[in-house]
Amino acid sequence: MSKNLRINKNNFIDQTTRISFKFNGQKLFGYKGDTLASALLANNIHLVGRSFKYHRPRGIMTCGSEEPNAIVQIGNDPSLTDPNVRATEIELYEGLDASSQNCWPSVNFDIGGINNFLSPLLPAGFYYKTFMWPASFWEKYEYFIRHSAGLGKAPTKSDPDIYDHQYSHCDVLVVGGGISGIISAKLSAEKGLDTILIDDKSFLGGSTIYQENECYKINSVNSNKWLANEIESLKNYPNLLVKNRTSLAAFHGYNYLLARESLTDHLSVNERKGKVRQRLWKIRAKKVIIASGSIERPLIFSNNDRPGIILSSSIKKYIDYYGVKTGENISLFTNNDSAYEAAISLYKSGVKVNVIVDIRKNSDSLIVKEALELGLKVLWESSVVDTQGYKRIKSFEVMKLSDDGYNVVGNRSKYSCDCLGISGGWTPMVHLFTQSGGKLKFRNEDNVFIPDENKTPSNQISVGSCNGEFKLNEIVVNTIENLKSFLSLNNSCYDGIKIICPDEKSKRNIWLLPSDKPIGKTKPFLDFQNDSTAKDVKLALREGFKSIEHVKRYTTTGMGTDQGKLSNMHALGIIADTTGTNMGELGTTTFRPPYTPLTFGAIVGRNVGKFFDHTRKTAIHNWHVKNKAEFENVGHWKRPWYFPKNGENMHQAVQRESKAARDSAGILDASTLGKIDIQGTDSSEFLNRIYTNAWSKLEIGKCRYGLMLNEDGMVYDDGVTTRLGENHYIMTTTTGGAANVLSKLEDYLQTEWPELDVYLTTVTDQYSTISICGPNSKKILAKIVPGLDLSDNNFPHMSFKNTKISNVNCRIMRISFTGEHSYEINIQSNYAEDVWIKCMEAGKEFNLTPYGTETMHLLRAEKGFIITGQDTDGTLTPSDLQMDWIIGKRKFDFIGKRSLYRSDTIREDRKQLVGLLTEDPKEVLEEGAQLVENINKKPIEMLGHVTSSYFSPNLNKSIALAVVKSGKKLKGKKLIVPMENKNINVTITDTVFYDKENKRLNA
Amino acid sequence: MFIINCPYCGERDQTEFSCGGEAHIERPKQPTELSDDQWAEYLFMRKNIKGVQFERWNHAHGCRKWFNMVRDTSNDKIQAVYKMGEKPPVK
């Protein structure tokens, strides 16, 4: 088995640097410059994996990103292992450890191979048809389907690698470093334009760079030598950035492109440490030149998937670039001249091709003549009808084609081989062009979709073979000419260029090659990775699928990790032939980004862990941390949730905190509430328009609670606004709503009422808010601001004072969200922790207890105060909340006023806010639980749901708020809260549970 | 992702902006005079056409100014950008 198929002449592989690697546990050697695929082939290993559905043995088929079969798992470290890596792309490095996927126990003996023999039972749509009934069995089916789904194994631990994002702006981006890309980059750079050239390989020059053939000459030297000089000359341009190993992933509108640069994937593991693994480039280019090249097509015949069957251009690259023979008994099968180039390359390396099977009647092109002169045997007008060999092709059978190409005639003749090169012509890589919004046109003469120059988005151009130009002279001359107008060049360094190249004249294309057997008895593979065959496509058409997008999904053609780069065209061709449609009318499936798979690491870059999202902390945060607060996320804020003491759980802590706040004093960090500074001569009028209640008569120094609606009449936000001066207010909003409220107010100011003289400034971060509540709050505040008269006369509820704490200006509002006598100290944030500590010291003798959001919620629920976003959900009007008192009925207008008497908002059976008491006072309801009246009448009518629920230590019973249909009228009504294992009896009550007369505000 | 020429700041990436829906729908001066149907027309009905559309945009992560934009929704080509209160270009 182990053989060395390396020949010794080579320019590109460093045969002095030997690299050891492992494949399926076997230790092997390759050289610097090899890909995993070329190194495996040099070791005579073709079988690398098993196919997805039938577990058929599969080998390396290509030499690039279009590879469908040779996808391997790299490494076995649970955090670093990488599935679905194309062996044809990964560069060999010391210690590379690769293994085959989708096989068990091994690629050589795979139990799943039995599927191959069951394949007649596994047609297209097998899963859809088989697992439909009985429906209750789905969960059992799913287990097995999930086990057989997917290729490779995902890492199980988090990725320790570093990934970067980088933005880049340039005049010209050139995608692709083949001959047309090199010419483009040089023309652009020479004009002085800021240019980036990217190519996904480790070397530039595409396929021309190893095209050592006297038939191709540019300015009298062989094309490869000419190109090598050109590449060398690129170094002279400081305004040209060349990025190798960089694959363009996506081309979005306005020339915004994403490219993934691999920085360490070709290095040995030791050399990678501390380096960025991959970088995602976000490029905004003024102009884009696409030079993405083309991909050779396979041919579709029975058993065209055996290991050893390789694209002829790949055979040529393996011998010319890597110095690797893909076999010792090679034959070729073609419909065009490309295979002859491979044959000549092999001949020059000492491998004589056994036979070339050509479906054409003849060809008189230069390259074919050269092959014939070398004595190569060509079977004209013939087709391969079948192949043999399980884990490696052993032989193939040839028959003569009928004149029209629809049938084969005569007898089969058998040829032995260990490698069969196939060539079905070329497909321009138009993925990027179409991603950007370009439209394709179909060229009938050689069956290719190419960019339609009339439907190309502006500031981009496709050049070279991705534009459907396949001959060297066309590529070079047209690229230069097209770029002259694209880049507005008067002349170029390439003017007068002379090119000699062979001309291909005869073409013959047959999408599905005929066989002497009925199609049901053949296996002509279209999508090698997903195991869909020509007969699956035909079955789909018979079953009524007409749209190519439907056929694609039903047969899974083109849905593997390779996205069908190799043979989507054949599927389209077969559909067109079968249905008698022109391919141009049929169109293509949609090309979506990314062009090749992107790692999740590259997509997220550095935005992982604590960089995933930003966190806002109040100025007093460190004190909370020191005092063992548990935190709750509110928007982006970290808010203290509760402060457990001596091993308390949340319930115990909240009960203690709530009791302390009502019995003596509690302190809350309320800094996260949104604060908007409002100034300007029309401030009062502005507040009149945005709040439901009246503001013009609010005295300076007084505070007022306001409710803000959306234009649809639904409650949007609430908070207390204080009049600081004649034309100066400070508004508070909910924590989560702050940003949206500011945006909404700005929107109205700028677009509907630009005549108003009002200026809004967010000061949420600039001021911190410390709230002290409870019967002893006044005594504590008196210790902190001894000069301030705190009498109810001088400083009544709903008023504010400017004062100083330790020479620092502060505003103190006497407002209350708990129903207790309460103050809110607003102070510049950099002094906030200091003032907080002063409060704590002053409050020591009164058992001043810090409390968090949970206690705050409990205390306000005792008072029946709503929390917008918890008790409201954007479907409740003020009236639904039993807050009709806050609607300024005499006001001419305010946002949402008109909606309050729409036919829907005046319905009496809307859901309305009510209080709930449970029959068993110890039973605490679950928030979100449904409320019903009759559980026996099916279907059970849901009357509403619980919005807030707590055990009140101050009332020693469970309390809840809920929204219930027609709730306002149902006071005293008994309802049921059905839970999983019991029904809880509740009674509808008033929403205020505690201190209904508001006596405590002035206690 | 398109580039928007903010009338106050110049060309910026789309990620800095947020779209505020159809432009030139004025809030009724006297909403109380309107029937339910007329109010609903203002409140709910918005065009969502394939082709040239007049839109409100906000430079949310920039100057925070609102402005109007004419965009072809079929190809995202921006045909005009103008300040609030300025006359829209003729279709």
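All values reported here derive from a predicted model rather than from experimental measurement.

Enquirer: Provide a residue-level description of the nonpolar core, including the pertinent values.
Expert: A:Phe21, A:Phe23, A:Leu36, A:Leu40, A:Ile179, A:Ile289 and A:Val476 are the most contacted members of the largest nonpolar core, which has 90 residues in total. Listed in part, the 32 residues of the second largest apolar core include A:Ile295, A:Ile309, A:Ile359 and A:Met399.

Enquirer: Before we move on, can you summarise the sheet that holds strand 39 (residues 759-762) of chain A with the specific residues and values?
Expert: All names here are of chain A. Strand order in the open sheet made by the five strands is 36-37-38-35-39, with antiparallel pairing throughout. The open sheet has two edge strands with one neighbour each: strand 36 (703-709) and strand 39. This sheet shows a mean twist of 30 degrees between the axes of neighbouring strands, independent of strand direction. Note: strand 35 (residues 674-679) against strand 38 (residues 728-733), six bridges, orientation antiparallel. Within the sheet, the bridge partner assigned to Gln679 lies in strand 38 and is His728. Docked against the sheet, helix 20 (residues 683-690) engages strand 35, strand 36, strand 37 (715-725), strand 38 and strand 39, running at close to 30 degrees with respect to strand 38. Set on the sheet, helix 21 (residues 738-752) makes contact with strand 35, strand 36, strand 37, strand 38 and strand 39; between it and strand 39 the angle comes to about 165 degrees.

Enquirer: How would you explain the sheet that holds strand 5 (residues 71-74) of chain A if you had to name every residue and give the values?
Expert: Residue and element names in this part refer to chain A. Reading across the sheet, the five strands line up as 2-1-7-5-6 and stay open at both edges, with mixed pairing between neighbours. Strands with a single pairing partner mark the edges of an open sheet, and in this sheet they are strand 2 (26-32) and strand 6 (82-86). Sheet twist, expressed as the average angle between the axes of neighbouring strands with direction ignored, equals 40 degrees.

Enquirer: Tell me what's going on with the domain arrangement of chain A, and back it up with residues and numbers.
Expert: Per the domain assignment, the segments making up chain A are domain 1 (1-157), domain 2 (164-294 + 428-492), domain 3 (298-424 + 504-510), domain 4 (613-672 + 768-789 + 805-869) and domain 5 (907-1002). Each of domain 2 of chain A and domain 4 of chain A has a C-alpha centre, and these two points are 62 Å apart.

Enquirer: Please give an account of the environment of A:Val107 that cites residues and values.
Expert: For A:Val107, the location among the structural elements is in the loop between strand 7 (97-100) and helix 2 (114-117). Contacts of A:Val107, omitting those with residues within four sequence positions, involve A:Asn24, A:Leu47, A:Val48, A:Gly49, A:Arg50 and A:Ser100.

Enquirer: Account for the pattern of salt bridges, with residues named and values stated.
Expert: Counted under the stated rule, the structure contains 67 salt bridges over all chains. For the salt bridge of A:Arg284 with B:Asp13, the shortest nitrogen-to-oxygen distance reads 2.6 Å. Here A:Arg284 is found in strand 15 (residues 276-290), whereas its partner B:Asp13 is found in strand 2 (residues 10-13) on a different chain. Between A:Asp446 and A:Arg443 there is a salt bridge, and its shortest N-O distance comes to 2.8 Å. Where salt bridges share partners, they join A:Asp164, A:Lys243, A:Glu261, A:Arg279 and A:Arg606 into one cluster.

Enquirer: With reference to specific residues and values, describe the side chain of A:Ser671.
Expert: Mapping A:Ser671 onto the fold places it in the loop between strand 34 (666-669) and strand 35. Once residues lying within four places of it in the same chain are set aside, the contact partners of A:Ser671 are A:Thr618, A:Ile620, A:Thr764, A:Tyr767, A:Ser768 and A:Thr769.

Enquirer: Please set out the side chain of A:Asp418 residue by residue, giving values where relevant.
Expert: All names here are of chain A. Summarising the element assignment, Asp418 is placed in the loop between strand 23 (408-416) and strand 24 (419-423). A polar contact of 2.8 Å, which involves the side chain of Asp418, links it to the backbone nitrogen of Asn329. Asp418 has contacts with Gly308, Gly327, Glu328, Asn329, Ile330, Arg392 and Ile393, leaving out every residue within four places of it along the chain.

Cut-offs used in this document
Residue indices follow the written sequence of each chain, beginning from 1 at its first position. Lettering for chains starts from A, numbering for ligands starts from 1, and both go in the order in which the items are written. Local features are withheld for residues below a pLDDT of 70 in this predicted model, meaning they are given only at 70 or higher, and side-chain atom pairs are given and counted only at 80 or more; totals for whole chains, interfaces and linings count all residues. Water and hydrogen atoms were dropped before computing side-chain values, which therefore reflect all heavy atoms in the structure. Only buried Ala, Val, Leu, Ile, Met, Phe, Trp, Tyr and Cys residues count toward a nonpolar core, and they belong to the same one when joined by side-chain atoms within 4.5 Å. Summary of the burial criterion: residues with accessible area below 20% of their type's maximum are buried, those above 50% are exposed, and those between are partly exposed, where the area comes from a 1.4 Å probe applied to protein chains only. In this description, strands pair whenever DSSP reports at least two bridges between them. Under the scheme used here, helices are H or I runs from DSSP no shorter than 4 residues and strands are E runs no shorter than 2 residues, and both carry numbers assigned from the N terminus. To get an axis, a line is fitted to the C-alpha atoms, and for a helix only the part in contact is used. The angle between two axes follows their N-to-C directions and goes from 0 to 180 degrees. Here, two residues are considered to be in contact whenever any of their heavy atoms come within 4.5 Å of each other. Domain limits in this description derive from either an automatic procedure or a database domain assignment. Within this document, salt bridges are pairs made up of a side-chain nitrogen of Lys or Arg and a carboxyl oxygen of Asp or Glu, the two lying within 4 Å of each other. For the purposes of these results, a polar contact is taken to be a pair of N or O atoms within 3.5 Å, where, inside protein, one atom must be able to donate a hydrogen and its partner to accept one; residues adjacent in sequence count only when each atom of the pair is a side-chain atom.

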